[in-house]
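Here is how the chains run, residue by residue.
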Amino acid sequence: MSLTPAERALRGRMGAHLSWANTQDPAERTKPGRDAFLARFERQVDPDGTLPAEERQRRAEHLRKAYMQELAAKSVATRRQNRAAKKSGRAA
């Protein structure tokens, strides 16, 4: 039996909820992803690994904060465009 995209999405969401319901420690489960996300910024600020650890972490933290600010600015711009499109009667 072939499922429609909506049915596949529904089953996927159900599976995700069941998986999280059976997770003892959510923070531990997501730790590898968080670590990889943060390591990305350390690699960007010190690709050769020559900086002292404290300096690399300091710079990486600022780069991460700049990245988050960029995402926030994009979100604001998108919401602004969507509001303008809605006011003018265009679909976003």
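Just above, that's the structure.
First, a word on scope: everything that follows refers to the structure included in this document. Just so we're clear, the structure is a prediction, and the values are computed from it rather than from any experiment.

1. A short note on the pattern of salt bridges
Stage number 1. The tally for this structure, following the rule as stated, stands at seven salt bridges.
Stage number 2. The partner of Asp46 in a salt bridge is Arg56, with the nearest N and O atoms 3.0 Å apart. Residue Asp46 is found in the loop between helix H2 (26-45) and helix H3 (53-88), and its partner Arg56 is found in helix H3; the two are separated by ten residues along the sequence.
Stage number 3. Classification of Arg56 as buried rests on a relative accessible area of 18%.
Stage number 4. The residue Lys74 makes a salt bridge to Glu70 at a minimum N-O spacing of 3.6 Å. Note that Lys74 and Glu70 are positioned in helix H3 at a spacing of four residues, about one turn of the helix.

2. Thoughts on the packing of aromatic side chains
Stage number 1. All told, the structure shown has three aromatic pairs when counted by the stated rule.
Stage number 2. The interplanar angle of 90 degrees and the centroid separation of 5.1 Å between the aromatic rings of Phe37 and Phe41 together place this pair among those described as edge-to-face. Residue Phe37 and its partner Phe41 are located together in helix H2, separated by four residues, close to a single helical turn.
Stage number 3. A relative accessible area of 27% places Phe37 in the partly exposed class.
Stage number 4. You can call Phe41 buried: its relative accessible area is 1%.
Stage number 5. On the numbers, 5.5 Å between centres and 55 degrees between planes, the contact of Phe41 with Tyr67 is tilted. Remark: Tyr67 occurs in helix H3 and Phe41 occurs in helix H2; sequence separation between them is 26 residues.
Stage number 6. You can call Tyr67 partly exposed: its relative accessible area is 23%.
Stage number 7. An aromatic cluster of at least three residues, connected via ring pairs, comprises Phe37, Phe41 and Tyr67.
Stage number 8. In this arrangement the basic side chain of Arg29 is found over the ring face of Trp20, its NZ or CZ atom lying 3.9 Å from the centre.
Stage number 9. Over the face of the ring belonging to Tyr67 we find Arg40, whose NZ or CZ atom lies 4.7 Å from the ring centre.

3. A few points about the environment of Val45
Stage number 1. The residue Val45 is located in helix H2 in this model.
Stage number 2. In this structure the C-alpha to C-alpha distance between Val45 and Glu55, which are ten residues apart in sequence, comes to 9.6 Å.
Stage number 3. Sequence-distant contacts of Val45, defined by excluding residues within four places in its chain, comprise Leu51, Arg56, Arg59, Ala60 and Leu63.

4. A short note on a positive patch on the surface
Stage number 1. Together, Arg79, Arg80, Arg83 and Lys87 make up a positively charged patch on the protein surface.
Stage number 2. For Arg79, the position within the fold is in helix H3.

Thresholds, definitions, all that
- Residues numbered from 1 in each chain as written.
- Predicted model: local features only at pLDDT ≥ 70, side-chain atom pairs only at ≥ 80, totals over all residues.
- Heavy atoms only, no water.
- Salt bridge = Lys/Arg side-chain N within 4 Å of Asp/Glu carboxyl O.
- Helix = DSSP H or I, 4+ residues; strand = E, 2+ residues; numbered from the N terminus.
- Buried < 20%, exposed > 50% of the residue type's maximum accessible area, 1.4 Å probe, protein only.
- Phe/Tyr/Trp six-rings, centres within 6.5 Å; stacked < 30°, edge-to-face > 60°.
- Lys NZ or Arg CZ within 6 Å of the ring centre and 35° of its normal.
- Contact = heavy atoms within 4.5 Å.
- Patch = residues over 30% accessible without salt bridge, like charges linked within 9 Å, V, L, I, M, F, W, Y side chains within 5 Å.
- Areas by Shrake-Rupley, 256 points an atom, 1.4 Å probe, with all protein chains shown as cover.
- Lys, Arg positive; Asp, Glu negative; His and termini not counted.
- Charge placed at Lys NZ, Arg CZ, Asp CG, Glu CD.

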